[in-house]
Amino acid sequence: INDGIYGALMELIQLPVDLPCRVLTQTGVKAGPVREFVVYGPTCDPNDRIPRPLHLSADIAEGDWIEIGLVGAYGAATVTSFNGYGTVQHVAVRSALTS
């Protein structure tokens with residue numbers, strides 16, 4: 001994924017929390033069966049692995065987006081420029097993804 005432990009998901013290695021997530025496409029939210037996925041961030045670093053599986057739509061495909069909810073203020077505060085990453089785009093969210 002385009003974010004990881006060296007970015008907004010740093011808290012996941014510190015706290016035993018499963019954040020809600022869903023798969024988005026150009027036409028909306030994917031619904032249907034869900035399965036566990038082992039997910040790595042973009043840095044090509046073995047430590048950039050999300051410590052718990054993400055529960056995502058089983059038919060996720062290249063080009064789909066993963067929305068991770070409840071990241072909170074520390075998500076933006078923990079972003080680093082490790083390995084050339086760290087540039088972020090801020091967007092307004094109309095409704096929060098909750099657990």
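In case you missed it, the structure is sitting above this.
Predicted model, so just to flag it, every value in this text is computed and none were measured.

(A) Main features of the side chain of Ser57. Within the fold, Ser57 resides in strand β4 (residues 54-57). A distance of 2.4 Å separates a polar atom in the side chain of Ser57 from a polar atom in the side chain of Asp59. Those residues in contact with Ser57, other than ones at most four positions away along the chain, are Val23, Lys30, Ala31, Pro33, Val34 and Phe37.

(B) How the structure looks around the nonpolar core. Leu9, Leu12, Val39, Ile50, Leu54, Leu56 and Val71 are the most contacted members of the largest nonpolar core, which has 13 residues in total. Among the secondary structure elements, those contributing two or more residues to this core are β1 (21-25) and β4. Not counting residues up to four positions away in its chain, the partners in contact with Leu12 are Val17, Leu19, Ile50, Pro51 and Arg52.

(C) Spatial organisation of the pattern of salt bridges. Inspection of the entire model under this criterion finds three salt bridges. Asp64 is the partner of Lys30 in a salt bridge, and the nearest nitrogen-oxygen pair spans 2.7 Å. Of this pair, Lys30 sits in the loop between β2 (28-29) and β3 (34-37) while Asp64 sits in the loop between β4 and β5 (65-68), and the two are 34 residues apart along the sequence.

(D) How the structure looks around the packing of aromatic side chains. Inspection of every chain in the model, using the stated rule, returns zero aromatic pairs. Here the basic side chain of Arg35 rests over the ring of Phe37, its NZ or CZ set 4.1 Å away from the ring centre.

(E) View of the sheet that holds β5. Across the sheet, which stays open at both edges, the three strands sit in the order β2-β1-β5 with antiparallel pairing between neighbours. Edge positions in the sheet fall to β2 and β5, since each has one partner strand and no second. As judged from the four bridges shared by β1 and β5, these two strands associate in the antiparallel manner. Note that in β5 the partner of Cys21 across the bridge is Ile68.

Conventions and cut-offs
- Residues numbered from 1 in each chain as written.
- Predicted model: local features only at pLDDT ≥ 70, side-chain atom pairs only at ≥ 80, totals over all residues.
- Heavy atoms only, no water.
- Helix = DSSP H or I, 4+ residues; strand = E, 2+ residues; numbered from the N terminus.
- Polar contact = N/O pair within 3.5 Å; in protein donor to acceptor, adjacent residues only side chain to side chain.
- Contact = heavy atoms within 4.5 Å.
- Core = buried A, V, L, I, M, F, W, Y, C linked by side-chain atoms within 4.5 Å.
- Buried < 20%, exposed > 50% of the residue type's maximum accessible area, 1.4 Å probe, protein only.
- Salt bridge = Lys/Arg side-chain N within 4 Å of Asp/Glu carboxyl O.
- Phe/Tyr/Trp six-rings, centres within 6.5 Å; stacked < 30°, edge-to-face > 60°.
- Lys NZ or Arg CZ within 6 Å of the ring centre and 35° of its normal.
- Pairing = 2+ DSSP bridges.

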